[in-house]
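Now for the letters of each chain:
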Amino acid sequence: MDFNLAEQEQQLGFRYGYGWFTLFSLFFIFVFHYSFSSRRRNSKETPVQESSRAVSESDSSSASQFGISDLVSDADLEFLIRNLGDRKNPDEKWENVIHKTNDHLSYSASCLKPKDAPIKYLSTTVFENCSPELLKDFYMDSDYRLQWDNTLLHHHQLQLHPSSGIEVGRTIKKFPFLTPREYVLAWRLWQTSHPHTFYCFIKDCEHPLAPRQKKYVRVGSYRSGWRIRKVPGRNACEITMYHQEDAGLNVEMAKLAFAKGIWSYICKMDNALRKYIATTRPQVGPALTAVSLIQKVPLELEPNVVVDIPTTSMDEPLTDKTKEKKLSRRPSKKVLANGLLLLGGLICLSRGHSSLGAKVALGYFLTKLRKRDASPGQSREG
């Protein structure tokens, strides 16, 4: 019996010792595998700029043949100008989100939730003691934005079309508790014939140098743009922005995060702008960009022309017939024609013609006059 008990204790001790040895071996294998995987993953996940540069070098020939000249057109500028205007569709119910001011800037924003479309934002920011040219350069300086914008992980240029000024780039942004978002965008800038007014329109696109990656969420619906101009009578400028994107977020959660966090972001932007104004920055990015190749606003889309052309909808394009109809309304010609008709009738009466022909002529003159002037409240009895 004692022998059997000793044998059992020996077997149990062996089993327990073997069990601890097994656990220790598994733990050692796990640690080794994790460290090896980490080194392997780090070697694969090089900085985005290096990987993108490698892709750019290997696919440069295919990229040069990738057409981007029509990605952003004057029709997009027309769309932007209408949506930045004060005239809004009465059927659209915009909701005021925020209005904040301090000594250096003011910010206000409203939003609209269309049916079956991403939420729209319309905002206006006024920066004191700043010129439109400087604010335009600040907004488009992605290298400097990397220094102050914590949401921006990476940005680089993919392609530039010299004649149209269209630029395509890839941007990676991070947000709390979310997978980083990847943006492949095309943009173009315009300036008006008179100074101090700039436009930029940005939209999503695809590009062979930016293949989709599983570690990022590609934003597939993106339309955004802004207008920068001087505030009349003040040493200040304003940027009015239209923005609509589908980043895969809950609408109400996105609205709440925007309302709670946008003012601190704008204040941080203003601090970065003041430093941008006070310092001299060397050229870091590519020499040619959409900023250096800024285009002229077409004459028919100049602000003084667009304002005088009524549209029934924010999405209704401005047609040549509408413009010709508007420009053909010249009251001076109408008054002159009516005056000539009335003068002819008076001449007939002054010469005393009582013949039937004179009466018919006078009746014709008066009939034409009534047809031209026939409108409620304009006819007079004599």
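Right above here is the structure, for reference.
Here's a quick rundown of the structure. Here the structure is a predicted model, which means the values were calculated and not measured.

1. Some thoughts on the overall build of the chain
Helix and strand content of the chain: 11 helices and 11 strands. Sorting the 382 residues of the chain into buried and exposed places 34% on the buried side. Relative to all contacts within the chain whose residues are 6 or more apart in sequence, the contacts with residues 24 or more apart total 63%.

2. Structural notes on helix α4 (residues 74-84)
For α4, the buried fraction is high: 9 of the 11 residues fall into the buried class. Three or more residues of α4 are buried, namely Asp-76, Leu-77, Glu-78, Phe-79, Leu-80, Ile-81, Arg-82, Asn-83 and Leu-84.

3. With respect to the pairing of strand β3 (residues 120-128)
On a regular strand, one side chain projects to one face of the sheet and the next to the other, so that they alternate. A large share of β3 lies buried, amounting to 7 of its 9 residues. Two elements, β3 and strand β10 (residues 236-246), share 9 bridges in a ladder whose sense is antiparallel. Bridged to Thr-125 within β10 is Ile-239.

4. Here's the deal with helix α7 (residues 251-278)
Taking 1.5 Å of rise per residue, the 28 residues of α7 would be expected to cover 40 Å, and the 39 Å separating its terminal C-alpha atoms lies within 8% of that figure. In α7, a bend of some 45 degrees at Gly-261 exceeds every other bend along the element. By the burial criterion, the buried members of α7 are Lys-255, Phe-258, Ile-262, Trp-263, Ile-266, Met-269, Asp-270, Ala-272, Leu-273 and Tyr-276. Of the surrounding elements, those touching the buried residues of α7 are β1 (95-101), β2 (105-112), β3, α5 (132-140) and α6 (142-148).

5. Details of the nonpolar core
Core analysis: the largest hydrophobic core is formed by 37 residues, its most contacted members being Tyr-107, Phe-127, Leu-135, Phe-138 and Trp-226. Looking at this core, the element that brings in the most residues is α7, giving 8 residues. Leave out the neighbours within four places in its chain, and Tyr-107 touches Ile-98, His-99, Lys-100, Ser-123, Thr-124, Thr-125, Phe-258, Ile-262, Trp-263 and Ile-266.

6. Concerning the pairing of β2
The buried fraction of β2 amounts to 6 of the 8 residues, a majority that puts the element mostly inside the structure. Sheet analysis places β1 next to β2, joined by 6 bridges and oriented antiparallel. Paired with Glu-95 across the strands is Cys-111, a residue of β2. Where β1 hands over to β2, the hairpin turn is made up of 3 residues, counted between the paired strands. Bridge count between β2 and β3: 8 bridges; the pairing is antiparallel. The residue of β3 that forms the bridge with Tyr-107 is Thr-125.

7. Looking at the pattern of salt bridges
Applying the stated criterion across every chain, the model contains 14 salt bridges. Between Arg-234 and Glu-128 there is a salt bridge, and its shortest N-O distance comes to 2.1 Å. Highlighted residues: Arg-234 in the loop between β9 (221-230) and β10 and Glu-128 in strand β3, separated in sequence by 106 residues. For Arg-234, a relative accessible area of 39% puts it in the partly exposed group. Here Glu-128 falls in the partly exposed class, since its relative accessible area comes to 21%. Among the salt bridges present, the one from Asp-149 reaches Arg-145, with a minimum N-O distance of 3.6 Å. On the basis of relative accessible area, Asp-149 is assigned to the buried category, the value being 3%. A single network of salt bridges, built from pairs that share partners, joins Arg-170, Glu-182, Glu-206, Arg-212 and Arg-218.

Reading the values: the criteria
Residues numbered from 1 in each chain as written. Predicted model: local features only at pLDDT ≥ 70, side-chain atom pairs only at ≥ 80, totals over all residues. Heavy atoms only, no water. Helix = DSSP H or I, 4+ residues; strand = E, 2+ residues; numbered from the N terminus. Buried < 20%, exposed > 50% of the residue type's maximum accessible area, 1.4 Å probe, protein only. Contact = heavy atoms within 4.5 Å. Pairing = 2+ DSSP bridges. Expected span 1.5 Å × (residues − 1). Bend = angle between axes of the 7 residues up to and from the residue. Core = buried A, V, L, I, M, F, W, Y, C linked by side-chain atoms within 4.5 Å. Salt bridge = Lys/Arg side-chain N within 4 Å of Asp/Glu carboxyl O.

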